[in-house]
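Structure assessment
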Amino acid sequence: MIARVIYAGYIEHDPWGVTRRKGHHEPIISLATFEKIQERKNARPIAAAKQNIHADFPLRGALSCACCNQPMTACWSRSGTGKRYPYYWCQTRDCSQYRKSIRAEKIDAGFEELLKGLTPSQNLLSIVTSMLSDAWDQRAGQRDNGKAQIKRDIAQLDKQQDSLLEKLVDATNAKVVTAYESKIAKLEDEKLLLSDKLTQNSKPKYSKAEIFELLKTFLSSPWNIWEKGNLLLRKNVLRLALKEPLAYDRENGFRTPQVSEIFEFFEIITSKCEMVRVGRLELPHLAAPEPKSGASTNSATPAT
Ligand SMILES: [Zn+2]
């Protein structure tokens, strides 16, 4: 894992008093990405690391025991008749479900149902993608504004540094000098971070059309990709569709999944559409004035 700022095109070496500054080499990643990686280093991954996930058990790492909330493990095991079957089981010693195996096919069937349940209607998909498309354009506009703001912030930091430098020149007390020096170095760090953001190629690697094509393919049927995809694609489906590992209970099957933001968004839009639909249906009923005698073609019963 990347732990050295050098990959971001910077150098720093505390023992020699070299504070973070731009190096003369080509960066591999941006400074912002570097900072993000540092933050994420301890985060728990949804899909397990490559070496402990096997194609026979694509859900391993994304499955937790509903009883103890710990990840389930999987293996091939023999049934009473001597036939080999893939199983998942809880590996937490003090859990009541410890070593109680569950047939993988049972879990797979439940997962199929769950993933199919995430398939939005074509109508919903087109509403959401057009909303995302607007958001995309808006973001592009914000990016331009953001750059202008970063430039102003850098100018502001420059000013602060200048004034500190002036004070530093006049300072005689050693402690005060050190304090000024460290403050100036800190400002330099902030400035580097900002100028790095500025020099980054803010244009996305892929065009909007390309990204939206991929997005639509995935969103229109995650199940389709899961069914036909290899292990890597399957892992990506898990990452893109879920926020947390899926909790599975031997008796009741899957708990309601913690879906990723995009599927949460689908749910919100669906329930809002539902509210609008129900509201519209009830409107003529609520607003119905005097019922006309004889004209009883309306299915809604008048409230008189
Ligand atoms: Zn358990």
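Residues numbered from 1 in each chain as written. Predicted model: local features only at pLDDT ≥ 70, side-chain atom pairs only at ≥ 80, totals over all residues. Heavy atoms only, no water.

Applying the stated criterion to the full structure yields five salt bridges. When the shortest N-O distance is used, the salt bridge between Lys208 and Asp137 registers 3.1 Å. With Lys208 in helix H5 (residues 208-220) and Asp137 in helix H3 (residues 122-170), the pair connects residues that are 71 residues apart, well separated along the chain. Owing to a relative accessible area of 41%, Asp137 belongs among the partly exposed residues under this scheme. Of the charged contacts in the structure, one is a salt bridge between Glu264 and Lys243, with a shortest N-O distance of 2.8 Å. Of this pair, Glu264 sits in helix H8 (residues 261-287) while Lys243 sits in the loop between helix H7 (231-241) and strand S7 (246-249), and the two are 21 residues apart along the sequence. Judged by relative accessible area, which is 28%, Glu264 ranks as partly exposed. Overall, Lys243 belongs to the partly exposed group, its relative accessible area being 35%. Connected through salt bridges with shared partners, the residues Asp158, Glu188 and Lys191 form a single ionic network. (Salt bridge = Lys/Arg side-chain N within 4 Å of Asp/Glu carboxyl O. Helix = DSSP H or I, 4+ residues; strand = E, 2+ residues; numbered from the N terminus. Buried < 20%, exposed > 50% of the residue type's maximum accessible area, 1.4 Å probe, protein only.)

Before going further, it helps to examine the sheet that holds S7. Strands sit in the order S3-S7-S8 across an open sheet of three strands; the sheet is mixed. The sheet terminates laterally at strand S3 (63-65) and strand S8 (253-254), the two strands that pair on one side only. The pairing of S7 with S8 spans two bridges and is classified as antiparallel. Among the inter-strand pairings, Asp249 is bridged to a residue of S8, identified as Gly253. (Pairing = 2+ DSSP bridges.)

A word on the side chain of Asp249. Take Asp249: it is sitting in strand S7. Buried within the structure, Asp249 lacks any salt-bridge partner; its nearest side chain of opposite charge belongs to Arg255, at an N-O separation of 4.7 Å. One polar contact links the side chain of Asp249 to the main-chain amide nitrogen of Asn252, over a distance of 2.7 Å. (Lys, Arg positive; Asp, Glu negative; His and termini not counted. Polar contact = N/O pair within 3.5 Å; in protein donor to acceptor, adjacent residues only side chain to side chain.)

Below, the discussion takes up the nonpolar core. Most often, soluble globular proteins have nonpolar side chains that are buried together. Core analysis: the biggest nonpolar cluster contains 37 residues, and Tyr88, Ile107, Phe111, Trp226, Phe254, Phe263 and Phe266 have the highest contact counts within it. With five residues, helix H2 (residues 104-116) is the single largest residue contributor to this core. Ignoring sequence-local partners within four residues, the contact set of Phe266 consists of Pro120, Leu124, Leu125, Val128 and Leu219. Formed by nine residues, the second largest nonpolar core is a distinct cluster that contains Ile154, Leu164, Val177 and Ile184. (Core = buried A, V, L, I, M, F, W, Y, C linked by side-chain atoms within 4.5 Å. Contact = heavy atoms within 4.5 Å.)

As a further point, take the pairing of strand S1 (residues 10-13). In this sheet, strand S2 (residues 18-22) lies alongside S1 in antiparallel orientation, the contact comprising three bridges. Counted as the bridge partner of Ile11 is Arg21 from S2. Connecting S1 to the antiparallel partner S2 that follows it, the hairpin turn spans four residues, and Gly17 within it adopts a positive phi of roughly 70 degrees.

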